[in-house]
Number of protein chains: 2
Amino acid sequence: MQPARRITLTDDVYAAVRALIMDHDVQPGARINIDALARRLAVSPTPVREALARLESDGLVSKKPLVGYTATPLLTRAEFEELVEMRLILEPAAAARVAAAGLDGAELAGLRAEADLPGPEGAAAVAAFTAQDARFHHTLAGLSGNRMLHDAVVRLRAHLHLFRLHFPAAHYGVSAREHHRIVDAVAAGDPAAASAAMRDHLTAARDRHLPFFESR
Amino acid sequence: MQPARRITLTDDVYAAVRALIMDHDVQPGARINIDALARRLAVSPTPVREALARLESDGLVSKKPLVGYTATPLLTRAEFEELVEMRLILEPAAAARVAAAGLDGAELAGLRAEADLPGPEGAAAVAAFTAQDARFHHTLAGLSGNRMLHDAVVRLRAHLHLFRLHFPAAHYGVSAREHHRIVDAVAAGDPAAASAAMRDHLTAARDRHLPFFESR
DNA sequence: CGATCAAAGATCCTATAGGATCCCTCGCCA
DNA sequence: TGGCGAGGGATCCTATAGGATCTTTGATCG
């Protein structure tokens, strides 16, 4: 772990702690000791405290007064269903809006490039896959032109760190094809088709993830 | 202003600062001096810093490194349109889900009670109206059973402190009737009607608010 | 008279120290 | 042997002080 340094320590600490949680360097449900974390990052407890306060707003940690912070436990099956439901509300609407508004050549090319997903090769395959998948969904939400919609999609995404460990190989290839189907509908300027393609993608992804809960 | 005291100062400070902003005791766009705020609340700067970090996640203040915090400026017309668009995505979906799930007698009675809105009498009429309106929308979102959906609706609502000052009298009465139409559809277990009623309510409220931007 | 540069003031940012609270372990008792 | 209570340790929470940075004001030069 590198000592954090930039303009404001808080931002660095925030990013560092977020990464620790997302990569499961801090086990879900584990206590987070402020002093120990500060020593590990070679900073004082104050910016750590500030970063944790922000992370609590993101839902990645929770605070019990006079006891301490805790990394948020993994999503339960029910919470996962809620998350999917929420994405089904937001993301098809975003896709429809992008299709309705239309994209210029550069935007479309960029989106199409991000629709591709890395294969199952390489050491950090799962991390690379989820990171690229996140980029695609975030970019699409951003192109909706509605900043609040974009923020909401990004915020939800943080909870998917759940699947960093157990990850079904079935995702590779299929997800990329579904992404391209969404891009095609967007490129055609067909809001209904874009919305439907996104809905199908999300429900399919949900079904692919479900076995995870069986095995717990 | 009372000195803040409870279990954790941070929570109290958070609520206090939030109230300051919502009530326009701190003008939108104004700089927020951490030390001055700490003295005013009779606490040290540390919990103030922590509270401000949380408020930044809520979008009520923004931070410029090495410069300080600033109360978020009032929504522009474009941002207001984005907010409405976002509510149109979330809240009709929430209403439909509540209607589909059905409510027991107590829940329905509670919701119907909150649909009523205080009239234009009294000193703090605007504050009472908006507070009650918020309660209705929050309660409905909460009854959807989806916590993330509820949180998203509540989070958006914070940005409506915009209208604490200039408030059209046309809202009184009309809004309550629209609320009851939503409750009726929910009580009838008709998701499509509930969704439509909410959509109509939001678009009508949007139109009632629009003159505010003409007068700036 | 306007623009540029420098210095002073204010503010934020970080670190360290002390008080209060909670959790856990050990001993005692029924 | 199991339950209860007290003490110690750890941790959080708050406060204060010092260093770094930015903004602003004033003076100087063109």
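Since we're looking at a predicted model, the values are computed, not measured.

Things to note about the overall build of chain A
Line of reasoning, step 1. Assigned secondary structure in chain A consists of ten helices and three strands.
Line of reasoning, step 2. Reading the helices (α) and strands (β) of chain A from amino to carboxyl end gives α-β-α-α-β-β-α-α-α-α-α-α-α.
Line of reasoning, step 3. Over its C-alpha atoms chain A spans a radius of gyration of 19 Å, differing by no more than 12% from the 17 Å that the globule rule assigns to 216 residues.
Line of reasoning, step 4. In terms of its C-alpha atoms, chain A occupies a principal-axis envelope of roughly 55 × 40 × 35 Å.

A closer look at the pattern of salt bridges
Residue and element names in this part refer to chain A.
Line of reasoning, step 1. Under the counting rule described, the total for this entry stands at 27 salt bridges over all chains.
Line of reasoning, step 2. In this structure, glutamate 81 and arginine 206 form a salt bridge, with 3.0 Å as the shortest nitrogen-oxygen distance. Taken together, the residues span a long stretch of sequence, with glutamate 81 in helix H4 (residues 77-101) and arginine 206 in helix H9 (residues 191-209) at a distance of 125 residues.

Some words on the sheet that holds strand S3 (residues 68-71) of chain B
Line of reasoning, step 1. On the basis of which strands lie adjacent, the open sheet formed by three strands has the order S1-S3-S2 (chain B) and antiparallel pairing. At either end of the open sheet lies a strand with only one pairing partner, and these are strand S1 (31-32) and strand S2 (61-64) of chain B.

Overview of the protein's contact with DNA strand C
Line of reasoning, step 1. Around DNA strand C, 19 residues are found, and the nearest of them are Leu9 and Ser44 of chain A together with Asn33, Ile34 and Arg49 of chain B.
Line of reasoning, step 2. Serine 44 of chain A is positioned with one of its backbone polar atoms (N or O) 2.5 Å from a phosphate oxygen of DNA strand C.
Line of reasoning, step 3. In this structure, a phosphate oxygen belonging to DNA strand C sits 3.0 Å away from a side-chain N or O atom of arginine 49 of chain B.
Line of reasoning, step 4. Of all the elements in the fold, those that place two or more residues in the surface near DNA strand C are helix H1 (9-22) and helix H3 (45-58) of chain A together with helix H2 (34-41) of chain B.

Some details on the interface of chain B and chain A
One widely used convention gives an interface's size as the accessible area the parts lose upon coming together.
Line of reasoning, step 1. Between chain B and chain A, the residue contacts involve 33 residues of the former and 32 residues of the latter.
Line of reasoning, step 2. Across the interface of chain B and chain A, roughly 2800 Å² is buried in total on both sides, 60% from carbon and sulfur atoms.
Line of reasoning, step 3. Looking at the side of chain B facing chain A, the largest losses of area belong to Glu50, Ile89 and Met148 of chain B, adding up to 22% of the total buried there.
Line of reasoning, step 4. On inspection of chain B and its partner chain A, the count reaches five salt bridges.
Line of reasoning, step 5. Among the salt bridges present, the one from glutamate 85 of chain B reaches arginine 97 of chain A, with a minimum N-O distance of 2.5 Å.
Line of reasoning, step 6. Put simply, chain B and chain A have eleven residue pairs in polar contact (both at pLDDT 80 or more) between them.
Line of reasoning, step 7. The set of elements that each furnish at least two residues to the side of chain B that touches chain A consists of helix H1 (9-22), helix H3 (45-58), helix H4 (77-101) and helix H7 (147-157) of chain B.
Line of reasoning, step 8. Ranked by residues supplied to the side of chain B that touches chain A, first place goes to H4 of chain B with nine residues.

Side note on the side chain of glutamate 50 of chain B
Line of reasoning, step 1. Position of glutamate 50 of chain B among the secondary structure elements: in helix H3.
Line of reasoning, step 2. Looking at glutamate 50 of chain B, the relative accessible area reads 5%, which means it is buried.
Line of reasoning, step 3. Setting aside residues up to four positions removed in sequence, glutamate 50 of chain B forms contacts with Arg49, Ala53, Lys63 and Tyr69 of chain A together with Thr10 of chain B.

Describing the relation of the copies chain B and chain A
Line of reasoning, step 1. Once chain B is rotated about the relating axis by 180° and shifted along it by 0.0 Å, it coincides with chain A to within an RMSD of 0.1 Å. On the angle and the small slide along the axis, the relation comes out as a two-fold axis.
Line of reasoning, step 2. An overlap of 97% is found between the interface residues of chain B and their copies at the interface of chain A, pointing to a shared contact surface.

Some words on the domain arrangement of chain A
All names here are of chain A.
Line of reasoning, step 1. Segmenting chain A into domains produces domain 1 (9-71) and domain 2 (77-214).
Line of reasoning, step 2. Between the C-alpha centres of domain 1 and domain 2 the distance comes to 28 Å.
Line of reasoning, step 3. In this complex, domain 1 contributes nine residues to the contact, which on the side of domain 2 involves seven residues.
Line of reasoning, step 4. When domain 1 packs against domain 2, the two sides together hide about 720 Å² of surface, and 53% of this comes from carbon and sulfur.
Line of reasoning, step 5. Its largest share of buried area at the contact with domain 2, domain 1 owes to Met22, His24 and Asp58, together 59% of the area lost on that side.
Line of reasoning, step 6. Seen at the junction of domain 1 and domain 2, the total is one salt bridge.
Line of reasoning, step 7. Where domain 1 packs against domain 2, one counts two residue pairs in polar contact (both at pLDDT 80 or more).
Line of reasoning, step 8. Here the side of domain 1 that touches domain 2 gets three residues from one element, more than from any other, and that element is H1.
Line of reasoning, step 9. In the side of domain 1 that touches domain 2, the residues fall into three nonpolar, three polar and three charged.

What to know about the protein's contact with DNA strand D
Line of reasoning, step 1. Taken together, 19 residues surround DNA strand D, and among them Asn33, Arg49 and Leu66 of chain A together with Leu9 and Ser44 of chain B come closest.
Line of reasoning, step 2. Here the atoms of DNA strand D within 4 Å of the protein split so that 87% fall in sugar or phosphate, with bases taking the remainder.
Line of reasoning, step 3. Taking serine 44 of chain B, its main chain carries an N or O atom lying 2.5 Å from a phosphate oxygen of DNA strand D.
Line of reasoning, step 4. Counting only elements with at least two residues in the surface near DNA strand D, the list comes to helix H2 (34-41) of chain A together with H1 and H3 of chain B.
Line of reasoning, step 5. Class assignment of the residues belonging to the surface near DNA strand D gives a composition of ten nonpolar, six polar and three charged.

A word on the pairing of strand S2 (residues 61-64) of chain A
Residues and elements named next belong to chain A.
Line of reasoning, step 1. The pairing of S2 with strand S3 (residues 68-71) spans four bridges and is classified as antiparallel. Note that in S3 the partner of lysine 64 across the bridge is glycine 68.
Line of reasoning, step 2. As consecutive antiparallel partners, S2 and S3 are separated by three residues, and within that stretch leucine 66 has a phi angle of approximately 65°, a positive value.

Procedures and definitions
- Residues numbered from 1 in each chain as written.
- Chains lettered and ligands numbered in written order.
- Predicted model: local features only at pLDDT ≥ 70, side-chain atom pairs only at ≥ 80, totals over all residues.
- Heavy atoms only, no water.
- Helix = DSSP H or I, 4+ residues; strand = E, 2+ residues; numbered from the N terminus.
- Rg over C-alpha atoms; globule rule 2.2 N^0.38 Å.
- Salt bridge = Lys/Arg side-chain N within 4 Å of Asp/Glu carboxyl O.
- Pairing = 2+ DSSP bridges.
- Near = heavy atom within 4 Å.
- Polar contact = N/O pair within 3.5 Å; in protein donor to acceptor, adjacent residues only side chain to side chain.
- Contact = heavy atoms within 4.5 Å.
- Buried area = accessible area lost by both parts, 1.4 Å probe.
- Buried < 20%, exposed > 50% of the residue type's maximum accessible area, 1.4 Å probe, protein only.
- Least-squares fit on C-alpha atoms with pLDDT ≥ 70 in both.
- Domains from an automatic or database assignment.
- Nonpolar A, V, L, I, M, F, W, Y, C, P; charged D, E, K, R; others polar.

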